[in-house]
Amino acid sequence: MPPEQPHVVLLSESLVGLYTCLFVKAELVERIRAPASYTVKTGLGGRYGNKGAIVSRFVVDASSFCVWTDHLSAGQRPGRPRSAAVADILQSVSTADPLHRDPAFAHGGDGSLVLDHEICILAGGLNYRLTLPRERAMALIDERRYEGLIAADQLQREMRENPSFRLLSFNEAPICFAPTYKFNRLSNDYDTSEKARVPAYCARILYHGYLKDTGRFAAFGGG
């Protein structure tokens, strides 16, 4: 970190292959309260942590933040099992003490749920895939026709077609780049192993915000 802007570790947590470490500027520490993290297992019906999430929350002044990262089921299967795991994570209850009647939270929440927080950031391996044959995906990548890839993206399809999808209130910055999954080791070549995986946008960043003064959900940030 730049010496003129020292940072400190606010929270760290691990779950099998997941690890979260949140750094904040040292000058903000005195303005932060109620930092807490907890894990949610979604592997094999919630019994194992090979799949799951790490959820971290904190309050800065009068604003509440939640940052969560997850690792959902892999494979070229339909996206609905992943969406069910997302619902389990959003319905999970924090193991930290609730903060009753704290105005920093949205909807009168107490910080025990992800969506109690005014600002939520989801960053992790959601593992949604492209419902395209590999040859078609590779052709679109070569032609830089990324809109054709996004049209076949399972996460975007859930946003469009599943009215009960729990991430409908989240936003994502426009995707204008080639898929980031999966390359041969130490190369820029997409998977040429016997599995011949279809390229996809598995790692994603979504965000959600709530404006107290208007009572409306709103997109913020991006980029």
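Position labels on residues start from 1 in each chain and follow its written sequence. Selection of residues for local features in this predicted model requires a pLDDT of at least 70, selection of side-chain atom pairs for listing and counting requires 80 or more, and totals for whole chains, interfaces and linings are taken over all residues. Side-chain calculation: all heavy atoms of the structure are included, whereas hydrogens and water are not.

Let us look at the nonpolar core. In terms of nonpolar packing, the biggest core is built from 21 residues, with W68, V114, L126 and L167 touching the most fellow members. In DSSP terms, a helix is any run of H or I states spanning at least four residues, a strand is any run of E spanning at least two, and both are numbered starting from the N terminus. Contributing elements (two or more residues each) for this core: β3 (32–43), β4 (48–60), β5 (63–71), α1 (80–91) and β6 (119–125). With four residues, the single largest contributor to this core is α1. If sequence neighbours within four positions are ignored, V114 has contacts with Y38, V55, C66, W68, I89, L90 and C120. Among buried residues, those of type Ala, Val, Leu, Ile, Met, Phe, Trp, Tyr and Cys that are joined through side-chain atoms within 4.5 Å constitute a nonpolar core. Partly exposed describes any residue whose relative accessible area lies between the buried limit of under 20% and the exposed limit of over 50%, with all areas from a 1.4 Å probe on protein chains only and scaled to the type maximum. Residue contacts follow a heavy-atom distance rule, with two residues in contact if any of their heavy atoms lie within 4.5 Å.

In this analysis, a patch consists of residues with relative accessible area above 30% that form no salt bridge, clustered at 9 Å for like charges and at 5 Å for the nonpolar side chains Val, Leu, Ile, Met, Phe, Trp and Tyr. In short, Shrake-Rupley with a 1.4 Å probe defines the accessible areas, and a residue's cover is counted only from the protein chains shown. Here, a salt bridge means any side-chain nitrogen of Lys or Arg that lies within 4 Å of a carboxyl oxygen of Asp or Glu. Nonpolar side chains collect at one region of the surface, where M1, V9 and F23 lie side by side and expose about 340 Å² of accessible area between them. Tracing the sequence through the fold places V9 in strand β1 (residues 7–15). For V9, a relative accessible area of 47% translates into the label partly exposed.

Turning our eyes to something else, we now look at the packing of aromatic side chains. Pairs were defined over the aromatic rings of Phe, Tyr and Trp, the Trp ring being its six-membered one, requiring ring centres within 6.5 Å. Orientation was assigned from the angle between planes: stacked under 30 degrees, edge-to-face over 60, tilted for the rest. This structure, assessed with the given rule, holds three aromatic pairs. Where F58 meets F65, the ring centres are 5.4 Å apart and the plane angle is 5 degrees; that geometry is what we call stacked. Judged by its relative accessible area of 11%, F58 is buried. For F65, a relative accessible area of 21% corresponds to the partly exposed category. Summarising the aromatic geometry, the rings of F183 and Y190 are spaced 4.5 Å apart at their centres and angled 20 degrees between planes, so their arrangement reads as stacked. Note on F183: relative accessible area 31%, which makes it partly exposed. On the basis of relative accessible area, Y190 is assigned to the buried category, the value being 10%. In our convention, an over-ring charge means Lys NZ or Arg CZ found within 6 Å of a ring centre and within 35 degrees of that ring's normal. Note that R82 overlies the ring of Y128, its terminal NZ or CZ placed 6.0 Å from the centroid.

Our focus in this paragraph is α1. A rise of 1.5 Å per residue sets the reference length of α1, with its twelve residues, at 16 Å; its end C-alpha atoms lie 16 Å apart and thus fit the reference within 8%. Here the buried face of α1 lies against β3, β4, β5 and α4 (154–161). One fewer than the residue count of a helix, multiplied by 1.5 Å, yields its expected span.

Here we come to the confidence of the model for the protein chain. A score between 0 and 100, pLDDT records how confident the predictor is in each residue. Taken as a whole, the protein chain shows an average pLDDT of 91; of its residues, 94% reach a score of 70 or greater. Across the protein chain, helix α2 (residues 134–142) holds the top mean pLDDT of 97, while strand β8 (residues 216–218) sits lowest at 42. Under a pLDDT of 50 for its full length, residues 213–223 has, in the predicted model, 22 contacts with residues more than four places off or in other chains.

The next thing to look at is the pairing of β1. Two elements, β1 and strand β2 (residues 18–25), share eight bridges in a ladder whose sense is antiparallel. The partner of V8 across the bridge, within β2, is V24. Counted between consecutive antiparallel strands, the loop separating β1 from β2 contains two residues, among which V16 sits at a positive phi close to 50 degrees. One bridge is not enough; two strands pair if DSSP finds at least two bridges between them.

Topologically, T69 is positioned in strand β5. A distance of 2.7 Å separates a polar atom in the side chain of T69 from the backbone oxygen of A123. With sequence-adjacent residues up to four places away left out, T69 is seen in contact with L18, T20, G52, A53, I54, A123 and G124. Any N or O atom pair separated by 3.5 Å or less is treated as a polar contact, with the protein-specific requirement of one donor-capable and one acceptor-capable atom, and with residues adjacent in sequence counted only for side-chain atom pairs.

This part covers α4. All of the buried residues along α4 are Q154, L155 and E158. One side of α4 holds all its buried residues, which, seen down the axis, span an arc of 105 degrees. Backbone nitrogen of L155 and a side-chain oxygen of the N-cap are separated by 3.3 Å at the start of α4; the cap is D153. Arc definition: directions from the helix axis to the C-beta atoms.

Here we take up unusual backbone geometry. Backbone geometry follows two general trends: most residues other than glycine have a negative phi, and most peptide bonds adopt the trans configuration. Put simply, Y181 and K182 share a cis peptide bond, and its omega is -10 degrees. Within the fold, K182 resides in the loop between α4 and β7 (203–211). For R144, which is not glycine, the phi dihedral falls at a positive 55 degrees. Considering the arrangement of structural elements, one finds R144 in the loop between α2 and α3 (146–151). Its relative accessible area of 65% is what places R144 among the exposed residues. Backbone geometry at L186 places phi at a positive 60 degrees, although glycine is not the residue there. By the element assignment, L186 lies in the loop between α4 and β7.

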